[in-house]
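What follows is each chain in one-letter form.
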Amino acid sequence: LIPLWLVGAAIYLYFASTVEQNQRSQLHTLALNRSAAIQLFLDERVSTLEVLAHTASRDDLTTPGELRNVLDILNERQHSFVDLGIVDARGEHLAYEGPFQLEDRNYSGEQWFEETIERGVHISDVFLGFRGVPHFVIAIRSEGAPEPWILRATIDSEVFTRLVRSGQIGLTGNAYIVNRSGRYQTPPRFGGSILGDAPFNPNIAPPGVNVVSRVDPDAGRVMTAFAWISSKDWLLVIDRDPAEPAAPLRQTLRLEIIALLIGSLLVGGAVVAVSPAWA
């Protein structure tokens, strides 16, 4: 009986290891593809706004009705811009087109404004701002005369969240983004909310794409893929309960145990039956 049970244990351990390796490989590939898609999403919008800011003049874009036309054209191509604004070097709106009343707002004290003036291109973290709802902006500085000005665009958070959540797999999958400070930049599927604190320190994730096993306060043990977004200090996190894809393995284990028990009973019965003949 000992060789029989040892073989059964070896078979189970082999398949359990294979299932775990397949899970890790699947999560790694998924995180790699989703992070590339998110990177492409951001790069396309930055490139579009850069072309617009460096080819159109400030006077053209501040002409009444022109910014509305530009916003409509952009959304025909990419459908992810909520509003557009032209902001001067003092933070004053020169023109605005969108669903909010922001024409009289001054952005001189806002972090995204200061970063854009300094660096030329800035993708902000998610913040509430004057509108009081979570959003993030992409801003481009133009060196036009008579002074620098900024083209600022708000990105549709619903479109971005759907892109991130396309990385969710199965009934227990969860995909979201956190910033370097550990705040949710998109809402997780289970537990937490946007701009809330994630239950882990994102600095534990090394550069590139990595898959680890960790304990989540809400979901218990999960297998997690981490992927840093190269153009923005954001971390893509994809979680999955390892027990979900292992369900067929557990069914196999039950069948294997039943088969071993039946085999053990047959061997034991044969021994009992043959033993009197040996005596």
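The structure under discussion appears in the preceding block.
Remember, it's a predicted structure, so these values are computed and weren't measured experimentally. (Residues numbered from 1 in each chain as written. Predicted model: local features only at pLDDT ≥ 70, side-chain atom pairs only at ≥ 80, totals over all residues. Heavy atoms only, no water.)

Topic: the side chain of E115
Mapped onto the elements, E115 comes out in helix α4 (residues 111-119). For E115, a relative accessible area of 17% puts it in the buried group. When sequence neighbours within four positions are dropped, the list of residues in contact with E115 reads G120 and H122. (Helix = DSSP H or I, 4+ residues; strand = E, 2+ residues; numbered from the N terminus. Buried < 20%, exposed > 50% of the residue type's maximum accessible area, 1.4 Å probe, protein only. Contact = heavy atoms within 4.5 Å.)

So, the pattern of salt bridges
Inspection of the entire model under this criterion finds 15 salt bridges. As a salt-bridge pair, D233 and R180 come within 3.1 Å of each other at their nearest N and O atoms. Separated by 53 residues along the polypeptide, D233 in the loop between β8 (220-229) and β9 (234-240) and R180 in the loop between β6 (174-179) and β7 (209-216) bring together distant segments of the chain. With relative accessibility at 36%, the residue R180 sits in the partly exposed group. (Salt bridge = Lys/Arg side-chain N within 4 Å of Asp/Glu carboxyl O.)

Structural notes on the sheet that holds β7
What the four strands build is an open sheet, ordered β6-β9-β8-β7; its pairing is antiparallel. A single partner strand is all that each edge strand has here, and the edge strands are β6 and β7. Shown here is a sheet whose adjacent strand axes are inclined to one another by a mean of 30 degrees, direction ignored. Strand direction decides the pairing type here: β6 and β9, joined by six bridges, are antiparallel. Residue pairing in the sheet places Y176 in a bridge with V237 of β9. Each of β6 and β9 is contacted by helix α5 (residues 157-165), which is oriented at about 120 degrees to β6, the strand it contacts most. (Pairing = 2+ DSSP bridges. Axes fitted to C-alpha atoms, helices over the stretch in contact; angles between N-to-C directions.)

Re the environment of G8
Inspection of the secondary structure puts G8 in helix α1 (residues 2-55). Between the C-alpha atom of G8 and that of I257, which follows or precedes it by 249 residues, the distance is 8.1 Å.

Some words on α4
Restricting attention to buried positions, one finds in α4 the residues W112, F113, E115 and T116. On an axial view of α4, the arc spanned by its buried residues comes to 165 degrees, and they lie on one face. Every exposed residue of α4 that faces more than 90 degrees away from the buried side is listed here: Q111 and E118. Elements in contact with the buried residues of α4: β1 (81-88), β3 (121-123), β4 (136-142) and β5 (149-155). G120, located one to two residues past α4, shows a positive phi value of around 100 degrees. (Arc of directions from axis to C-beta.)

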